[in-house]
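Results of the structural survey
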Amino acid sequence: MERPETARFEIRMDGLGYEVAGRPVLEGLELRVAARRIGVVGRNGSGKSTLARILAGLIAPTSGQLRLGGIDPCADRRAALRLVGILFQNPEHQIIFPRVGEEIAFGLRQQGLGKAEAQARVAAMLAQFDKRHWQDAPVDALSQGQKHLVCMMAVLAMRPQLLILDEPYAGLDIPTRRQLGRYLRAAAPHLLHISHEPEDLADCERLFWLDRGRIRAEGPAAEILPVFTAEMDRLGELDDIADLAG
Ligand SMILES: Nc1ncnc2c1ncn2[C@@H]1O[C@H](COP(=O)(O)OP(=O)(O)OP(=O)(O)O)[C@@H](O)[C@H]1O
């Protein structure tokens, strides 16, 4: 029998919402998507990172339901660790261990791999990126771009079905951004990329525009991005910064 996650992998949200202290951050999200490349675009504070955390099973929605390949990632943490990987904007929010090898091994051990198997997978991942010498290197001594690479290796080693990119290119120079971007695009069967940069999302098959916690529009990137960009240009001309007040 086919395991649920190897069947057609659908992200499904039914009335999904998230509230903090009575204030809605996400509201009534209805979504069905099985595309290989999915984009989420939205302004600062529109709820993108909150959505990423819910998808990765790190926080639970306060209303409605989420299913990834039929699984609730918050209720079934073991399945979530097997299915979903996430890369954050800031590697400092991701890295826990002082040395590169330990950091990459951690997720694998969480997935239930034995010590030897995890070590072999770490060695293979370091070798793939020509970084065998990083095994015992202190993470603190690495540059920001190198820390991003450590996070990427850690998440790729876990072989997720769905890889969530929560603006992981912020603060990277153009070549690093493009090089990591190329790897990441081919890294998992399904990629959900969150960004406020239209350029990052141009080749998404399905794009969701998140606006103040709601889906404002959805469709092919070629259709949604020009409308989003025009709206961002329009807002940029205004002097009102009340949206940043929180
Ligand atoms: N735990 C929390 N406590 C208080 N407010 C929160 C919490 N989580 C999210 N919020 C608020 O919800 C809103 C959406 O935040 P979120 O980080 O999801 O937005 P975002 O679209 O990722 O923003 P950015 O592009 O700036 O990273 C913000 O106003 C934020 O302050």
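As a reminder, the structure under discussion sits directly above these lines.
The structure contained in this document is the topic of the report that follows. Remember, predicted model here, so these are calculated numbers, not experimental data.

Read across the open sheet, the three strands follow the order 2-1-4; overall the sheet is antiparallel. Because the sheet does not close on itself, it has two edges, and the strands there are strand 2 (23-33) and strand 4 (63-68). If you compare each strand with its neighbour and ignore which way they point, the axes differ by 20° on average. Here strand 1 (residues 11-20) runs beside strand 2; their pairing, made up of seven bridges, is antiparallel. Its bridge partner being in strand 2, M13 is matched across the sheet by L31. On the sheet, helix 1 (residues 48-55) packs against strand 1, strand 2 and strand 4 and is oriented at approximately 60° with respect to strand 2.

Lining the immediate surroundings of the ligand are twelve residues, of which V25, N44, K48, S49 and T50 lie closest. Examining the composition of the shell around the ligand, we find that three residues originate from one element, helix 1, more than from any other. Of the residues belonging to the shell around the ligand, the class tally is two nonpolar, nine polar and one charged.

What follows deals with helix 3 (residues 100-110). The α-helix winds at 3.6 residues per turn, so residues separated by three or four positions along the chain end up facing the same way. Of the residues making up helix 3, those classed as buried are V100, E103, I104, A105 and L108. On its buried face, helix 3 is in contact with helix 4 (115-128) and helix 5 (144-157). Just downstream of helix 3, G112 is the residue with a positive phi angle, here 105°.

A word on the packing of helix 3 against helix 4. Put simply, helix 3 and helix 4 touch, their axes get as near as 9 Å, and they point 130° apart. For the element pair helix 3 / helix 4, the angle class is oblique. Taken as a pair, helix 3 and helix 4 cross one another with a handedness that is right-handed. Between helix 3 and helix 4, the residues in contact are G101, I104, A105, L108 and R109 and A118, Q119, R121, V122 and M125, respectively. Per-class residue counts for the contact of helix 3 with helix 4 are six nonpolar, two polar and two charged.

The next subject is the sheet that holds strand 6 (residues 162-166). Pairing within the open sheet is mixed, and its six strands lie in the order 5-6-7-3-8-9. On the outer flanks of this sheet lie strand 5 (84-87) and strand 9 (214-219), each paired with one strand and no other. Going across the sheet, the axis of each strand differs from the next one's by a mean of 15°, ignoring polarity. Two strands pair when backbone bridges link them, and strand 3 (residues 37-42) and strand 8 (residues 206-211) are joined in this way by five bridges, in the parallel orientation. Bridge pairing links V41 to W209 in strand 8.

Of the two faces of strand 5, the one carrying V84 and I86 and the one carrying G85 and L87 are both buried. Pairing of strand 5 with strand 6 involves four bridges; the strand directions are parallel. For V84, the partnering residue across the bridge sits in strand 6 and is L162.

Turning our eyes to something else, we now look at unusual backbone geometry. Positive phi values are uncommon outside glycine, yet R159 reaches one of about 50°. By secondary structure assignment, the location of R159 is in the loop between helix 5 and strand 6. For R159, a count of 15 C-beta atoms within 10 Å puts it in the partly exposed group. With a phi close to 50°, R212 is a non-glycine residue in the positive phi region. Checked against the element boundaries, R212 lands in the loop between strand 8 and strand 9.

A word on the nonpolar core. Inside soluble globular proteins, nonpolar side chains tend to come together where they are buried. Judged by nonpolar contacts, the single largest core of 63 residues is most densely connected at V84, M153, A157, I164 and L207. Ranked by the residues each element gives to this core, the list is headed by helix 5, at nine residues. Aside from chain neighbours lying at most four places away, what touches L207 is G39, V41, L201, E218, G219, P220, A221, I224 and L225.

Here we come to helix 5. For helix 5, which comprises 14 residues, the first-to-last C-alpha distance of 20 Å matches the rise-based estimate of 20 Å (1.5 Å per residue) to within 8%. Counting buried positions over the 14 residues of helix 5 gives ten, a clear majority of the element. Looking at helix 5, one finds that the buried residues are H148, L149, V150, C151, M152, M153, A154, V155, L156 and A157. For helix 5, the secondary structure elements touched by its buried residues are strand 5, helix 3, helix 4, strand 6 and helix 6 (174-185). Phi turns positive, to about 50°, at R159, one or two residues after helix 5.

Basis of the calculations
Residues numbered from 1 in each chain as written. Predicted model: local features only at pLDDT ≥ 70, side-chain atom pairs only at ≥ 80, totals over all residues. Pairing = 2+ DSSP bridges. Helix = DSSP H or I, 4+ residues; strand = E, 2+ residues; numbered from the N terminus. Axes fitted to C-alpha atoms, helices over the stretch in contact; angles between N-to-C directions. Contact = placed C-beta atoms within 7 Å. Near = placed C-beta within 6 Å. Nonpolar A, V, L, I, M, F, W, Y, C, P; charged D, E, K, R; others polar. Buried ≥ 20, exposed ≤ 12 C-beta atoms within 10 Å, placed from the backbone. Parallel < 35°, antiparallel > 145°, perpendicular 65-115°, else oblique. Left-handed = near helix turned anticlockwise from the far one by under 90°. Core = buried A, V, L, I, M, F, W, Y, C linked by C-beta atoms within 7 Å. Expected span 1.5 Å × (residues − 1).

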